[in-house]
Amino acid sequence: MGIVEAILLSVITAATPLVLAAAGELVAERSGVLNLGVEGMMIMGAVCAFAATQLSGSPYIGVLAGIAAGALFSLLFGFLTLTLVANQVATGLALTLLGLGVSGMLGESFLGMQGIKLQPIAIPLLSQVPFVGPLLFRQDAIFYLSIAIVAGIHWFLFRTRSGLKLRAVGDSHGSAHALGVDVIRTRYLAVLFGGACAGLAGAQLSLVYTPQWVENMSAGRGWIALALVVFASWRPWRVVAGGYLFGAVSISQLHAQAFGIGIPSQFLSSLPYVATIVVLILISHNRRMTLINTPASLGKPFVPDR
Amino acid sequence: MPVKGPIASGPLLAVSNLTKLFGSFAACNAINLHIEPGEIHALLGENGAGKSTLVKMLFGVLAPTAGEILWMGDNVRIGSPGDARKLGIGMVFQHFSLFEALTVAENIALSMDRSISLARVAEEASRLSHVYGLPLDPNAHVADLSVGERQRIEIVRALLQNPQLIILDEPTSVLTPQEADRLFETLLKLKAEGRSVLYISHRLEEVQRICDRATVLRHGKVTGACDPRAETPASLARMMVGNDVAVVTSEGTNTKGDVQLEARHLSVAARTPFAVSLKDVCLKVKAGEVLAIAGVAGNGQSELFDALSGEYPVADDNAVQIRQKPVGTRNINARRLMGAGFVPEERHGHAAVSSLSLSDNLVLARNQSDKRAFLGGGFLKIIRQGAVKAATKRISEAMDVRKSGEDPPAGSLSGGNLQKFIVGRELDRQPAVLIVNQPTWGVDAGAASRIRQALVDLAKAGSAVLVISQDLDEIFEVATEIAVICEGRLSDPYPARELSREKIGLLMGGMHGKTEGAGAAHAH
């Protein structure tokens, strides 16, 4: 395997959790819910996936556990913000803090254990294609899922009636309610989906990226996912572009540091953030399109007047 | 399109003792009402009379506290808008329930109970819009459409359900007279097909023109049911308001003085994609004059207000002149210091902070212009509570502001009373120039006449007054000169008594720039 292939493989591995978490959050935000707890849901997914894998011996059980943990955590967020109408920003921040704390506690006995890696699945024929094959078609299940999820979200949001309703709820919950759309139910489902995706992203961290459990191993990726959603102007494929760009620049700067290029490492470390923001600002320069894609009732609580 | 199902011999809809309580407040109190098949029935009443609450219950948006709804003789419970649509009730909301970020076809598809492909929806919508004379482009984004076009979406959306009763909540409040005429044609067509229309309005003239019967509400109760054509506007108004409303008098010729407010070739680019750019606006207001600017909402009124008040200063200092001094680049406080006063459009969050007391709101607006009166010396500028409280009291008395307690939060006042306070806050300074945007929007008739009289009196006392309004009745009551704004262009001013409603309507519909299909045919 050449150096280029190796680098590209690590880019994919680095980008997948960002794409997953951001895609899930995109759906929640399209329904008008701002869940700042992505980091917390992600780390819960990571610890539960690792623990379930250790206990069962199967990383696939681990993946399911990660998804369930993220979804369960988002359900708590949904209950607080949608049913009890708590402030979304404060609740989201609390969820992140809670997730970091609880995951540290749950994971204590798993610290330093040898992890079980989710093995790649080679797709017949396609994986034989030179260069592209090993890169894209000899990957783990979570990578395939991440692409399928983004494609699915795009299709769901813009081609189905339920997706139209979800966008309508995010644009104007009052009008959607007046038309008979169940705003709270729609938002619950969107938040749950977002949580499941964040949990899956966490599972990828502890089963693929670095198959072990380390405290705070999400390392701010949840926050980057949140930023990606905004800079991608709530459009699914842009989230992929942003995620891969971020992954690419962070991996290249690591290699650059390893080669000992005479640029301060702090500057190199900041490059992924700068590059991603600059590029996404450039592609979202069309303000009309941005406004049309921005969920107008994002973060606003909905209380039906009955 | 034929009306489905047999038409029962009794009323289509009957409501008996329908009541809605919000806490202990009865928004609707034992309402009785019946609508016959094939009639246009008016629901009349002032703002806050309970009209919107009543129709929200009929459409399943609000649940009634007590009472019965009979649909074709059957007692029904309408738990959701979906239930209402299944029965055959369609609704066109006052504040449109449209999604700006979605296309016309997507908006329509959302209200369909069955899942139909967008292409089919677009096709059916085009067909209906053609039949009823409501031109629409199914693929346009709502954000890019005019208010009149948005209303057409709502109507087509309601018609797609093939309803037997269509409820329209204040449909003409956002239309030009010509657009309203076309709406009336559509309504008469619906009536001819045997459908019924419940038409909510406080415009007596329209009600007399197209409605067969009227039910009048006041303070949540039915105060009368009548044939509007057999009544006079005055007798209808009495039923609506209770006691006769004071008539605004502008008798006595105003002596005109020097130009106090002027815009010279004022052009401003649109700040946001949904804003309107101002194009070469010229206007002059002399002392003693009331210049009213008419126009359909969203044609540059708020942009003009922003530029004249200095909320958003403009690049060219000479483009705005207050008391013959250039102020274009100066901010709102600098303009206040030169003797100007401003009343912006939105009461809550713009003209006043709802959660703060009236006196705090007074200081917020006038802390620069009345520094000496309200602020103490020193670095911290301590607020002189006594002087502020006294001024609050003075303003409340002068404008007859009804409030609970001495100095309640602005948000606790009714719309009319808060608006009286906000206008009074500026009048209290006797400004040489006053600029008011939508002075009586959503205000009850009593407060509206009080505010209009105050504007007229201010001009008589020698100030220059600029009123931006969508309400033609208001404009004719207060104005000495009238100009019309359309798509960011301002027409020449006309003396108020030489201008007819028809002429204003033509100007509002846009004698400049784009006009659309049948509207253009009417207009030219």
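Given the structure is predicted, the values throughout are model-derived calculations rather than measurements. (Residues numbered from 1 in each chain as written. Chains lettered and ligands numbered in written order. Predicted model: local features only at pLDDT ≥ 70, side-chain atom pairs only at ≥ 80, totals over all residues.)

Colleague: I'd like a description of the overall build of chain A, backed by residues and values.
Modeller: Each helix and strand in chain A was counted, giving 13 helices and two strands. For chain A, whose C-alpha radius of gyration is 19 Å, the value lies close to the compact-globule estimate of 19 Å for 306 residues. Projecting the C-alpha coordinates of chain A onto the three principal axes gives extents of approximately 65 × 45 × 45 Å. In chain A, buried positions account for 49% of the 306 residues. Nonlocal contacts in chain A, meaning residues at least 24 apart in sequence, comprise 78% of its contacts between residues at least 6 apart. (Helix = DSSP H or I, 4+ residues; strand = E, 2+ residues; numbered from the N terminus. Rg over C-alpha atoms; globule rule 2.2 N^0.38 Å. Buried ≥ 20, exposed ≤ 12 C-beta atoms within 10 Å, placed from the backbone. Contact = placed C-beta atoms within 7 Å.)

Colleague: Residue-level account of helix H1 (residues 51-58) of chain B, with values.
Modeller: Residues and elements named next belong to chain B. With eight of its eight residues buried, H1 lies for the most part within the structure. Of the positions making up H1, those classed as buried are Lys51, Ser52, Thr53, Leu54, Val55, Lys56, Met57 and Leu58. Looking one or two places after H1, you find Gly60, whose phi comes out positive at around 80°.

Colleague: Go over the nonpolar core with me, naming the residues and quoting the values.
Modeller: Within the largest apolar cluster, 158 residues are counted, with the highest numbers of intra-cluster contacts made by Ala21, Ala22, Ala23, Cys197 and Val239 of chain A together with Ile167 of chain B. Here this core takes 15 residues from helix H9 (residues 183-209) of chain A, the largest share from any one element. Not counting the four nearest positions on each side in its chain, Ala22 of chain A is found in contact with Ala225, Leu228, Val229, Val239 and Gly243 of chain A. Val290, Ala307, Ala391 and Val465 of chain B belong to the second largest nonpolar core, which has 79 residues in total. (Core = buried A, V, L, I, M, F, W, Y, C linked by C-beta atoms within 7 Å.)

Colleague: So what's going on with the interface of chain A and chain B? Residues and values would help.
Modeller: Counting residues at the interface gives 18 residues for chain A, matched by 21 residues for chain B. Taken together, the elements giving at least two residues each to the side of chain A that touches chain B come down to helix H7 (161-171), helix H8 (173-178) and helix H13 (287-293) of chain A. A per-element tally of the side of chain A that touches chain B places H7 of chain A first, with six residues. In the side of chain A that touches chain B, the residues fall into seven nonpolar, four polar and seven charged. (Nonpolar A, V, L, I, M, F, W, Y, C, P; charged D, E, K, R; others polar.)

Colleague: Please set out the pairing of strand S19 (residues 481-486) of chain B residue by residue, giving values where relevant.
Modeller: Residues and elements named next belong to chain B. The element S19 is extensively covered by neighbouring structure, given that six of its six residues are classed as buried. Both faces of S19 are covered, namely the face carrying Glu481, Ala483 and Ile485 and the face carrying Ile482, Val484 and Cys486. In terms of strand pairing, strand S13 (residues 290-294) meets S19 through four bridges, oriented parallel. Following the sheet pairing, Ala292 is matched in S19 by Ile482. Examined bridge by bridge, S19 and strand S21 (residues 494-495) share two bridges and lie antiparallel to one another. (Pairing = 2+ DSSP bridges.)

Colleague: Got a sec to walk through helix H9 (residues 301-309) of chain B? Specific residues and values, please.
Modeller: Residues and elements named next belong to chain B. In terms of burial, H9 is a largely internal element, nine of the nine residues being buried. Here H9 has its buried residues at Gln301, Ser302, Glu303, Leu304, Phe305, Asp306, Ala307, Leu308 and Ser309. One or two steps after H9, the chain reaches Gly310, where phi turns positive at roughly 90°.

Without other data, these values stay purely geometric and don't point to any function.
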